[in-house]
Amino acid sequence: MDITPILAGLNDAQRAAVTSESRHLLVLAGAGSGKTRVLVQRIAWLIDVQGLSPQGVLAVTFTNKAAREMRTRIEHLLSIPTRSMWVGTFHGIANRLLSQHWQEAGLPQHFQILDSDDQRRLIKRTLAALHLDEAQWPPRQMQWFINQQKDAGQRAADIEADPADHLLQTQLQVYAAYEAACRQTGAVDFAELLLRSYELWRENPKLLAAYQTRFHSILVDEFQDTNAIQYAWLKVLAGEAASVTAVGNDDQSIYGWRGARVDNILNFANHFPDTATVRLEQNYRSTANILKAANAVIAHNPARLGKKLWTESTGGEPLSLYTAADEQDEAHFIADTLQEWAERGHAHRDSAVLYRSNVQSRVLEEALLRRNLPYRIYGGQRFYERLEIRNAVAYLRLAVNRDDDAAFERVVNLPTRGIGARTLDQIRQRARAERLSLFAASRQLIDQHGLPARAANALFGFLRLIDELATSTAGLELAAAVEHTLETSGLLEFYANEKGERGQTRVDNLHEIISACKDFQPDDPAAAPLPQFLAAAALDAGDTQAGEDQDAVQLMTLHSAKGLEFPLVIIAGLEENLFPHARALETPDGLAEERRLAYVGITRAISKLVLATAQCRRIHGGEHYNQPSRFLRDLPPELVEAVHSTRLTPSPQPAFKPSPITAQRDSAIAFGAFGLGQRVQHPKFGEGVVLNLEGAGHHARAQVRFRTAGTKWLVLSHARLQAV
Ligand code: ATP
Ligand code: MG
C-alpha cells in the first residue's frame, strides 16, 4: 500500500491527526491551519489504509460548495467514486434520510421542503386562521421562535408555559397550529428536517441500529457551528461503536444567533470518551501581515481556547484601507481594485468581496455591471430565491404534489387567469373547514358548485393545467419536463411580455433553470429526478446558481465565506452599526460573535486584503454617518496603508430612475437610434458598441465599449455619438 499521496505534504501534527488510532478525534485549530485538509486526508486514510468501507463514511460540512469540493478531493486522492459515501450538509443528509424513510417518518413520499420565505407565508396564514393580528404578532418573530424551538429539539407539546405568560402562550399556540398545517400538507421546513430525522431514529430503534452499523466513521467540519439538534443527531447516530472526528475552531463560531453552541466543541471530550485532541498551529493560507491583523482583532475576545498561529511566510503586502465618501464611492473603488487585479493577469474568481449584510450587494453589483466585470453572488438574492424562479419552481412542485399549498398560493393566478382575492378566500376557508389542501378544496368547491361560474371556470382551468403538467412531464427527461412546464404554464410568455431589461433577465433566468436541470446529478439515480431536483433547489439555493464555472468575482456575505479562501479579499462596509452590526452591539456575546466574524473575514485572504469604509451610507432607506468600525482600530497601524482612489474621472451619478411608464416614453425619444448592441462612432474615442442605456431626457446615458479607448459612460445629449 502506497500511503505517500495521503501523507505527503502534511506537517507532523496534521499527520498525527490523519492517522490517529484513538476512537474519537478532535482537531482544534485556528483558521487556515489545514483542518479541512486533515479531515479529507483522514477519510482517505480510513478507506485506503485502514481498509474501511467507503459506504461507512459520513462526512458533514457546512455548505454544499464545501461538500462538493470534499468529494472531488477524495476522488482525486483515492481514485474511487464517492457516490456511496454520504458527504453533505446536515440538512442535505437529513433530507436524504427522510426521502428514503418517508413512511417511517410519517411524511408523504414527495414531501415539500419549505424554505424560509415559504415558511413565513405559512406562518402568516396560520396567524390569520387564529385571528391573530400580524402587527401585534410579527410573522418574522414567530418564525424565529419556532425555528429556535426546533433547533433546540422541542415540539410545541414539549414546552410548558406559565398560564400567565401571554406571549409564550400565544407563541405556542401558533407553533402548534403551524405544526398541524405542516402535517396536513406534508411540508417540512429546514429546522424540521433535522428534528424529524432525529425523531425518526429515536422512534425506530431498528432503523437506527442499521445506520449505526453502517456508519463506522463520522467526520464533521466546522464543528463549532453545530446547534443542539445537530449535536443530538450526531450523538445518537454515533452510538457506541462509530468513531467521530470533529474539526473546528471556537474563534470561528459565527452562528450563535442561530442557536449554534460553542460548548459543543468545549464539551466534546466529555461526551465522547477516548478522544484525542490535536492542535494545529501553522497557518498555510495567508501572508504574515494578514495573519497578524487577524490575530490582533481576535485577541480582544475574552474566553478563547487560546490558539497560537504562526506562518512561515514573511511579510506580504500591507493591508489597504480605503475611506470612501459614501457607498457609491466605495463601490467604485472596489470595482477599480477588481479591474486592476484582473488587468494584472489574475483570474476574477480569485477575488472576493465580502460584506456584512445582503443589502450591500446591490450597489456593488451596479458598479461591477458598469465596468462589465463578471460576478457571482452567493447567498442573498440567490438564484432560486428570485421571484421568477420561485414561481417556476412552484409549478413544478405542484405537479409533483398537489397538496403543496405554498406553491398553490404562488401561482394559482400567475399568469393572471381571473382567480381573484375573493375566490382565493373562499378556497382558503373551505380548506380550513374541511382540513383539505387548497388544491383539494378548489376541486370540492367546483364539484359542489360553490363558486360563481366565471371563477369556477378559471379555477378549473388551473387545476386541469396542473394535472396535465403532471401527466405530460412524467416520462420526460428532467430538463425537457421543466422546459415543457415553463411553456405550458404560460410563465415564459408572461415574463417575455414584461417590458425592458428586467423581463429579459427573468426569461434568461428561467432558461438557466433548464441548464441547471441538465447539470443536475441526482443522489439516487434510480428514483424520479424531479423531486430530487426540487429538494436540491430548496436546500441549496446559491450553489446551483447559473455560471458556477464561469470566471467571475465572488460576492458573498462574511457568513457564507466560512471555510473558503481567495488570493484577493475585499471587505466592504467596515462601519460601526453595520459591522459590527447594530443589533449585535446590544450584548457582549453579540459583539464577540461579530469579532469572530471579522476574524473569519480577514483569514479568507491569501495574499492581499483590502478594507473599505464609507463616511456616509444610504442604506435601509436612510442616510447614516457612522464611525469607522472598531475592528479597524484594532489593526496594528504598521500593517495598514491608507489608499486613495486611482480613478481619474468622477464616478457617474447614481442612475436616474424614472417610473416605468415615463421611462419607456422618454427613452424612446432620448435613445433615438441607439439600442443595446448598436455599433457607434465617437469623434474622439472612435468605434464602439453600446452595452447599456439608462436614464431619460437630458440624463439619458449610454455605456459604450470602445475598441481602443475602453468602456465609458456618455451622456447622449453631449456626446456626439453616431450610430453606424
Ligand atoms: P478554515 O479555518 O478557514 O476552515 P482550515 O483550517 O480548514 O481553514 P484548510 O482550508 O484545510 O484550513 O487549509 C488552508 C490552506 O492551507 C489550504 O489551501 C490548504 O491546501 C493549505 N495547507 C494545509 N496544510 C498544508 C500543508 N501541510 N502544506 C501546504 N499547504 C497546506
Ligand atoms: Mg476549513
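This one's a predicted model, so the numbers in the text were calculated from it and none came from an experiment. (Residues numbered from 1 in each chain as written. Chains lettered and ligands numbered in written order. Predicted model: local features only at pLDDT ≥ 70, side-chain atom pairs only at ≥ 80, totals over all residues. Heavy atoms only, no water.)

**Remarks on the overall build of the chain**
Along the backbone of the chain there are 28 helices and 21 strands. Over its C-alpha trace the chain gives a radius of gyration of 27 Å, about what one expects of a compact globule, namely 27 Å for 724 residues. Along the longest, intermediate and shortest principal axes, the C-alpha atoms of the chain span 80 × 80 × 60 Å. Each of the 724 residues in the chain was classed as buried or not, and the buried ones make up 53%. The long-range fraction of contacts in the chain, counting pairs at least 24 apart against all pairs at least 6 apart in sequence, stands at 74%. When the accessible surface of the chain is split by element, carbon and sulfur atoms take 50% of a total near 32,500 Å². (Helix = DSSP H or I, 4+ residues; strand = E, 2+ residues; numbered from the N terminus. Rg over C-alpha atoms; globule rule 2.2 N^0.38 Å. Buried < 20%, exposed > 50% of the residue type's maximum accessible area, 1.4 Å probe, protein only. Contact = heavy atoms within 4.5 Å. Areas by Shrake-Rupley, 256 points an atom, 1.4 Å probe, with all protein chains shown as cover.)

**Here's the deal with the pattern of salt bridges**
Applying the stated rule across the entire model yields 33 salt bridges. In this structure, the salt-bridge partner of E409 is R125, at a minimum N-O distance of 3.8 Å. Residue E409 is found in helix α18 (residues 405-411), and its partner R125 is found in helix α6 (residues 116-129); the two are separated by 284 residues along the sequence. Note that E388 is salt-bridged to R506, the shortest N-O span being 3.0 Å. Of this pair, E388 sits in helix α17 (residues 387-400) while R506 sits in helix α24 (residues 500-519), and the two are 118 residues apart along the sequence. Residue E388 shares its accessibility class with R506, and that shared class is buried. (Salt bridge = Lys/Arg side-chain N within 4 Å of Asp/Glu carboxyl O.)

**A closer look at the pairing of strand β19 (residues 701-706)**
Side chains on a regular strand alternate between the two faces of the sheet. Among the six residues that make up β19, five are buried, leaving the element largely enclosed by the rest of the structure. For strand β18 (residues 686-694) and β19, the ladder comprises six bridges, and the chain directions are antiparallel. Residue G688 lies in a different strand from β19, and its bridge partner there is F706. Where β19 and strand β20 (residues 710-715) come together, six bridges link them in antiparallel fashion. Across the sheet, residue Q703 finds its bridge partner in β20, namely W713. Turn length for the β19-β20 hairpin, with the two strands adjacent in sequence and antiparallel, is three residues. (Pairing = 2+ DSSP bridges.)

**Considerations on the confidence of the model for the chain**
Across the chain, the average pLDDT comes to 87, with 91% of residues at or above 70. Contacts from residues 542-546, a stretch scored under 50 in pLDDT, to residues over four places away or in other chains number 17 contacts. Low pLDDT, under 50, characterises residues 647-670; the stretch is placed with 30 contacts to residues that sit more than four places away or in other chains. (pLDDT = per-residue confidence, 0-100.)

**Remarks on the packing of α6 against helix α8 (residues 166-185)**
In the contact formed by α6 and α8, the axes pass within 10 Å of each other and the chain directions differ by 115 degrees. Between α6 and α8, the crossing angle belongs to the class labelled roughly perpendicular. Where α6 crosses over α8, the two elements pack in a sense that is right-handed. On α8, the residues that touch Q119, L122, I123, T126 and L127 of α6 are V174, A177, Y178, A181 and C182. Among the residues forming the contact of α6 with α8, the class breakdown is eight nonpolar, two polar and no charged. (Axes fitted to C-alpha atoms, helices over the stretch in contact; angles between N-to-C directions. Parallel < 35°, antiparallel > 145°, perpendicular 65-115°, else oblique. Left-handed = near helix turned anticlockwise from the far one by under 90°. Nonpolar A, V, L, I, M, F, W, Y, C, P; charged D, E, K, R; others polar.)

**Concerning the nonpolar core**
Of all hydrophobic cores here, the largest spans 49 residues; its most connected members are Y395, F408, I427, L459, F462, V482 and F533. The element best represented in this core is helix α21 (residues 453-473), accounting for nine residues. Every residue in contact with L459, bar those within four places of it in the chain, is listed here: F408, V412, I419, I427, S442, I446 and L451. (Core = buried A, V, L, I, M, F, W, Y, C linked by side-chain atoms within 4.5 Å.)

**Quick notes on helix α25 (residues 529-539)**
The element α25 is extensively covered by neighbouring structure, given that eight of its 11 residues are classed as buried. All of the buried residues along α25 are L530, Q532, F533, L534, A535, A537, A538 and L539.

**Here we look at the site of ligand 1**
The environment of ligand 1 is made up of 19 residues, and the closest members are G9, K35, T36, E565 and R604. Measuring from a nitrogen atom of ligand 1, one finds a side-chain N or O atom of Q14 at 2.8 Å. A distance of 2.5 Å is found between an oxygen atom of ligand 1 and a side-chain nitrogen or oxygen belonging to E565. Burial of ligand 1 by the protein amounts to 83% of the accessible area it has alone, namely 640 Å². With three residues, helix α3 (residues 35-48) is the largest single contributor of residues to the shell around ligand 1. In terms of residue class, the shell around ligand 1 is built from three nonpolar, 10 polar and six charged. The two domains that each donate at least three residues to the shell around ligand 1 are domain 1 (4-102 + 194-282) and domain 3 (319-382 + 545-642). (Near = heavy atom within 4 Å. Polar contact = N/O pair within 3.5 Å; in protein donor to acceptor, adjacent residues only side chain to side chain. Domains from an automatic or database assignment.)

**Digging into the domain arrangement of the chain**
Interface size is commonly expressed as the accessible area that is lost once the parts come together. Taken domain by domain, the chain comprises domain 1 (4-102 + 194-282), domain 2 (113-185), domain 3 (319-382 + 545-642), domain 4 (385-521) and domain 5 (660-723). Once you take the C-alpha centre of each, domain 1 and domain 4 turn out to be 40 Å apart.

**Regarding the packing of α17 against α21**
Between two packed helices, both the angle of their axes relative to each other and the distance between the axes serve to describe the pair. It is the contact of α17 with α21, at a shortest axis distance of 8 Å, that shows an interaxial angle of 75 degrees. Put simply, α17 runs roughly perpendicular to α21. Counted together, Y395, L398 and A399 of α17 and F462, L465, I466, L469 and A470 of α21 form the full contact between these two elements. Counted by class, the contact of α17 with α21 contains eight nonpolar, no polar and no charged residues.

**Description of the sheet that holds β18**
With antiparallel pairing, five strands are arranged side by side in an open sheet as β20-β19-β18-β17-β21. At either margin of the open sheet sits one strand with a lone partner, and together these are β20 and β21 (722-723). Two elements, strand β17 (residues 679-682) and β18, share four bridges in a ladder whose sense is antiparallel. The residue of β18 that forms the bridge with H682 is G686. Helix-sheet contacts for helix α16 (residues 361-370) involve β18, β19 and β20, and the interaxial angle to β19 is about 50 degrees.

**Some remarks on the packing of aromatic side chains**
Taken as a whole and judged by the stated rule, the model has 20 aromatic pairs. For the ring pair F579 and F631, a centre distance of 5.3 Å and an interplane angle of 70 degrees mean the geometry is edge-to-face. On the criterion of sequence distance, the pair formed by F579 in the loop between β13 (566-571) and α26 (588-602) and F631 in helix α27 (residues 630-633) is long-range, its members being 52 residues apart. Take F579: its relative accessible area is 1%, and that puts it in the buried class. Here F631 falls in the buried class, since its relative accessible area comes to 3%. (Phe/Tyr/Trp six-rings, centres within 6.5 Å; stacked < 30°, edge-to-face > 60°.)

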